[in-house]
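Structural overview
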Amino acid sequence: MRPNMLPYSKQIIDDNDIRAVVDALESKWLTTGPMVELFEVMFCEATGSANAVAVSSGTAALHAAMFAAGIGPDDEVIVPAITFVATANAAVYCGATPVFADVCKDTLLIDPKDVVRKITDQTRAIVAMDYGGQPCDYRALREIADRHGLVLIADACHSLGATYHGNQVGTLADLNCFSLHAVKQITTGEGGVVTTHDSDLAAAMRQFRNHGIDSDHRTRSRKNTHAYQMQTPGFNYRLTDFQCALGLSQLQKLESFTAWRQQVAGLYDELLTSHPLIVPLTSLSDRSNARHLYVVRCETGDAGPSRDAIFDQMRRLDIGVNVHYQPVFQHPFYQRLCGNIDHQCPNAEAAYETILSLPVFPTLDENQVKRVVATLADIVLPSKTVQRNSGLIAG
Ligand SMILES: *Cc1c(COP(=O)(O)O)cnc(C)c1O
């Protein structure tokens, strides 16, 4: 990366984080120790959930949730067309087939009406992904899930810290999956968490993250026994104690991180309100947005620069924009698995042509936000010295 590149996201690590990790490294337990449990307890407290299971990534969280939900071969899992590939991959790990539902045009959140259209006799679960940090329409999705006897899973990898109708993300679905990857709301480097109100599901996931074995190392050591039994072929999806120590320290900053992200987004909103061609996604008033991403649609049409031309030019000017995401079914693996399903999710396909994620992270300041908007506006509506249709700024 270029030294002066403003990233689209980055982690914020302070001295307390570093001290917490060093303390854990100097303690007796590097993994399956007391920090894991403590982190889970504090994660429950932060999200208002009853059970939290820490795992090694957001992807592992999705896999564990689908395992606990009993997803298996011959099942279909409805996932949004616009999401990170891991959402759909987790269904594939369980032998199930992901079925892609379209997203709403203005929010890019899964469209409950299209979810209903995609339900078959084989459907077992719906995965709601809180795109950009904004919770999905959980009232509608819960009603659909209950009516059809489906499990509702939240891919909340963007939305830690957000609320829907006053309820916190982490309590909105049967199983709620979080990522603690470096660019997410808080980080443990790599890591993940699943929350659930159901303690049986939590117990199943604790076993699943530990090879399917029914006791962990610390429990056996406490009971002075070597014996254990493996119940199902699980995985090693454990999160280490030093990562949990970092997670605990990061959790204390979740509220201030979220407030900072919301302030950045508020400033973008303000600076872009009257721009005719740069249109931010809609934030709905019945929920709060954790602002993992700040996404605009470049409505430049055929005469103006394409999204990719804007992307290239922004990057050349050291502004780290990004695109979240190409519709998952367009990837070669899903083209082979699901066949060609182009045109079944028209909003997702159209959105992919225009969306651009602008930098948003705690510590991003007002001048940087203004620079991003000014640079973008310059590229989108080039000054008169620039040839029409070129889509590029001279020089
Ligand atoms: C980050 C992310 C994941 C995967 O999380 P990892 O921790 O990187 O495995 C899954 N879904 C969404 C929507 C994400 O943004």
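Above this text sits the structure in question.
1. What about the overall build of the chain?
Counting secondary structure elements, the chain contains 14 helices and 12 strands. On C-alpha atoms alone, the chain measures out to a radius of gyration of 22 Å, which is about the 21 Å that the 2.2 N^0.38 rule sets for 395 residues. If one aligns the C-alpha atoms of the chain with their principal axes, the spans along those axes are about 80 × 55 × 35 Å. Per-residue burial for the chain yields a buried fraction of 55% across its 395 residues. For the chain, the computed accessible surface area is about 17,400 Å², with 51% contributed by carbon and sulfur atoms.

2. What to know about the packing of helix α1 (residues 15–25) against helix α9 (residues 241–251)
Between α1 and α9, the shortest axis-to-axis distance is 8 Å and the interhelical angle comes to 150 degrees. With respect to α9, the element α1 is oriented roughly antiparallel. Regarding α1 and α9, the two cross each other, and that crossing is right-handed. When α1 is examined against α9, the residues N16, D17, A20, V21, A24 and L25 are found in contact with a partner set consisting of D241, F242, A245, L246, S249 and Q250.

3. Structural notes on helix α2 (residues 34–47)
With 14 residues, α2 should reach 20 Å at 1.5 Å per residue; the first-to-last C-alpha distance of 20 Å fits that figure. Turning to α2, its buried residues are V36, F39, E40, F43, C44 and T47. Looking down the long axis of α2, one finds its buried residues gathered within 140 degrees of arc, a one-sided arrangement. Contact partners of the buried residues in α2: β1 (51–55), β7 (167–168), β8 (175–179), β9 (192–196), α7 (199–208) and α9. Two residues or fewer after α2 comes G48, characterised by a positive phi angle close to 70 degrees.

4. Here we look at a nonpolar patch on the surface
Residues I13, I18 and V22 make up a contiguous nonpolar surface patch of about 230 Å² in total accessible area. Mapped onto the elements, I13 comes out in the segment before α1.

5. Digging into the packing of helix α10 (residues 254–272) against helix α14 (residues 366–380)
Their axes nearest at 10 Å, the elements α10 and α14 cross at an angle of 40 degrees. Considered as vectors, α10 and α14 are oriented oblique to each other. Pair α10 / α14 crosses with right-handed handedness. Of the residues in α14, those in contact with V264, L267, Y268, L271 and L272 of α10 are E366, V369, K370, V372 and V373. Split into classes, the residues belonging to the contact of α10 with α14 amount to 8 nonpolar, no polar and 2 charged.

6. Section: the layout of surface pockets
Reported here for the largest pocket is a volume of approximately 370 Å³. Breaking the lining of the largest pocket down by element, the ones donating at least two residues are α2, α7 and α8 (217–222). The residue makeup of the lining of the largest pocket, split by class, is 4 nonpolar, 6 polar and 9 charged.

7. What about unusual backbone geometry?
Residues other than glycine predominantly adopt negative phi, and peptide bonds predominantly adopt the trans conformation. The omega torsion across H324 and Y325 is 0 degrees, close enough to zero to call that bond cis. By secondary structure assignment, the location of Y325 is in the loop between α11 (307–316) and α12 (332–338). Of note, the phi angle at D74 is positive, near 75 degrees, even though the residue is not glycine. Structurally, D74 is set in the loop between α3 (58–68) and β2 (76–80). Among the residues examined, D74 registers a relative accessible area of 60% and is labelled exposed. For T363, which is not glycine, the phi dihedral falls at a positive 90 degrees. Within the fold, T363 resides in the loop between β12 (355–358) and α14.

8. Examining the sheet that holds β12
The strand order across the open sheet built from 3 strands is β10-β11-β12, with neighbouring strands paired in antiparallel fashion. With partners counted over all chains shown, the strands left at the sheet margins are β10 (278–280) and β12, one partner each. Neighbour-to-neighbour, the strand axes of the sheet open up by a mean angle of 35 degrees, direction not taken into account. With 3 bridges connecting them, β10 and strand β11 (residues 294–298) associate as antiparallel partners. Bridge pairing links P280 to V296 in β11. α11 rests against β11 and β12 of the sheet, and its axis sits at about 20 degrees to β12. Against the sheet, helix α13 (residues 346–354) touches β11 and β12, its axis set at about 55 degrees to β12.

Basis of the calculations
- Residues numbered from 1 in each chain as written.
- Predicted model: local features only at pLDDT ≥ 70, side-chain atom pairs only at ≥ 80, totals over all residues.
- Heavy atoms only, no water.
- Helix = DSSP H or I, 4+ residues; strand = E, 2+ residues; numbered from the N terminus.
- Rg over C-alpha atoms; globule rule 2.2 N^0.38 Å.
- Buried < 20%, exposed > 50% of the residue type's maximum accessible area, 1.4 Å probe, protein only.
- Areas by Shrake-Rupley, 256 points an atom, 1.4 Å probe, with all protein chains shown as cover.
- Axes fitted to C-alpha atoms, helices over the stretch in contact; angles between N-to-C directions.
- Parallel < 35°, antiparallel > 145°, perpendicular 65-115°, else oblique.
- Left-handed = near helix turned anticlockwise from the far one by under 90°.
- Contact = heavy atoms within 4.5 Å.
- Expected span 1.5 Å × (residues − 1).
- Arc of directions from axis to C-beta.
- Patch = residues over 30% accessible without salt bridge, like charges linked within 9 Å, V, L, I, M, F, W, Y side chains within 5 Å.
- Salt bridge = Lys/Arg side-chain N within 4 Å of Asp/Glu carboxyl O.
- Nonpolar A, V, L, I, M, F, W, Y, C, P; charged D, E, K, R; others polar.
- 1 Å grid on protein atoms, 1.4 Å probe; cavity = no way out; pocket = protein on both sides within 12 Å on 5 of 7 lines; lining within 4 Å.
- Points joined across faces, edges and corners; volume = space filled by probe spheres on them.
- Pairing = 2+ DSSP bridges.

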